[in-house]
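What the coordinates show
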Amino acid sequence: MDENRRVEEDGRLIIYKDEKSKFYQMRARPDGVRRYVYKSLRTTDYVKAVSIARKEYRQLEENVEKGLSLYKKDMNILLDEFRKYIEDSVTKDIVSVHIWRATTRISQKGLSVSFSRGN
């Protein structure tokens, strides 16, 4: 087997070294996921890269089981999704209107304003 490439989990996890980077990379696609997840393993040590990749793959599988996203999202998209979640919760009487107003103010002004105070 090529030292710069290793296939595990029936082809669902590939650990490889790309000529563009000095670090090992991983490509994974857990069961139930359509797209690949790519990640730098941030190590040049082959044995350590395999260990890190296995741990990362197990974490991806847990996230799939929990219904969590495997991909990074833009902060504005996250805020919009959170605001929609809060609005839905208000209509179902799960969350108070005061929480909805606070999240609306935060999303309109942006996160930098809400985190800038050093209380």
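Residues numbered from 1 in each chain as written. Predicted model: local features only at pLDDT ≥ 70, side-chain atom pairs only at ≥ 80, totals over all residues. Heavy atoms only, no water.

**A word on the pattern of salt bridges**
Side chains that carry opposite charge are capable of pairing whenever their charged atoms lie near each other. Summed over all chains, the structure comprises 4 salt bridges. When the shortest N-O distance is used, the salt bridge between R6 and E8 registers 2.6 Å. The class of R6 is partly exposed, set by a relative accessible area of 25%. Given a relative accessible area of 11%, E8 falls into the buried group. Here the residues in one salt-bridge network are R6, E8 and R54, joined through shared partners. (Salt bridge = Lys/Arg side-chain N within 4 Å of Asp/Glu carboxyl O. Buried < 20%, exposed > 50% of the residue type's maximum accessible area, 1.4 Å probe, protein only.)

**Side note on the sheet that holds strand 2 (residues 13-17)**
Spatial ordering of the open sheet is given by 1-2-3-4, a layout of 4 strands whose pairing is antiparallel. Two strands bound the open sheet, and with one partner strand each, they are strand 1 (5-8) and strand 4 (37-40). Between one strand axis and the next, the sheet turns by 15 degrees as a mean value, whatever way the strands run. With 4 bridges connecting them, strand 1 and strand 2 associate as antiparallel partners. The partner of E8 across the bridge, within strand 2, is L13. (Pairing = 2+ DSSP bridges. Helix = DSSP H or I, 4+ residues; strand = E, 2+ residues; numbered from the N terminus. Axes fitted to C-alpha atoms, helices over the stretch in contact; angles between N-to-C directions.)

**What to know about the side chain of Q25**
On the secondary structure map, Q25 appears in strand 3 (residues 24-28). A polar side-chain atom of Q25 sits 3.2 Å from the main-chain carbonyl oxygen of F23. In this structure, Q25 is in contact with I14, I15, Y16, K39, S40 and L41, ignoring residues within four places of it in sequence. (Polar contact = N/O pair within 3.5 Å; in protein donor to acceptor, adjacent residues only side chain to side chain. Contact = heavy atoms within 4.5 Å.)

**Remarks on the confidence of the model for the protein**
The predicted model of the protein averages 79 in pLDDT, with 76% of residues at 70 or higher. Put simply, helix 4 (residues 111-116) is where the protein has its lowest mean pLDDT, 42, and strand 3 is where it has its highest, 95. Taken as a whole, residues 111-119 scores under 50 in pLDDT and shows 4 contacts with residues more than four places along the chain or in a different chain. (pLDDT = per-residue confidence, 0-100.)

**Comments concerning the environment of R5**
When you line up the elements, R5 lands in strand 1. The class of R5 is partly exposed, set by a relative accessible area of 41%. With 12 residues separating them along the chain, R5 and K17 place their C-alpha atoms 6.5 Å apart. Residues within four places of R5 in sequence aside, it is in contact with I14, I15 and Y16.

**Some details on the nonpolar core**
Counting 14 residues, the largest nonpolar core has L13, I15, M26, A28, L41, A53 and L60 as its most contacted members. Secondary-structure elements contributing two or more residues to this core are strand 2, strand 3 and helix 1 (46-66). In terms of residue count, the dominant contributor to this core is helix 1 (5 residues). (Core = buried A, V, L, I, M, F, W, Y, C linked by side-chain atoms within 4.5 Å.)

**Brief notes about helix 1**
Relative to the 30 Å expected for 21 residues at 1.5 Å per residue, helix 1 spans 30 Å between its end C-alpha atoms, a close match to the ideal helical length. Within helix 1, burial applies to A49, V50, A53, Y57, L60 and N63. Projected down its long axis, helix 1 carries its buried residues within an arc of 145 degrees, all on one side. In helix 1, the exposed positions that point more than 90 degrees away from the buried face belong to V47, K55, E65 and K66. Against the buried residues of helix 1 lie strand 1, strand 2, strand 3 and strand 4. Looking at where helix 1 begins, the residue whose side-chain oxygen comes 3.2 Å from the main-chain nitrogen of V47 is D45. Of the residues one or two after helix 1, G67 is the one with positive phi, at around 80 degrees. (Expected span 1.5 Å × (residues − 1). Arc of directions from axis to C-beta.)

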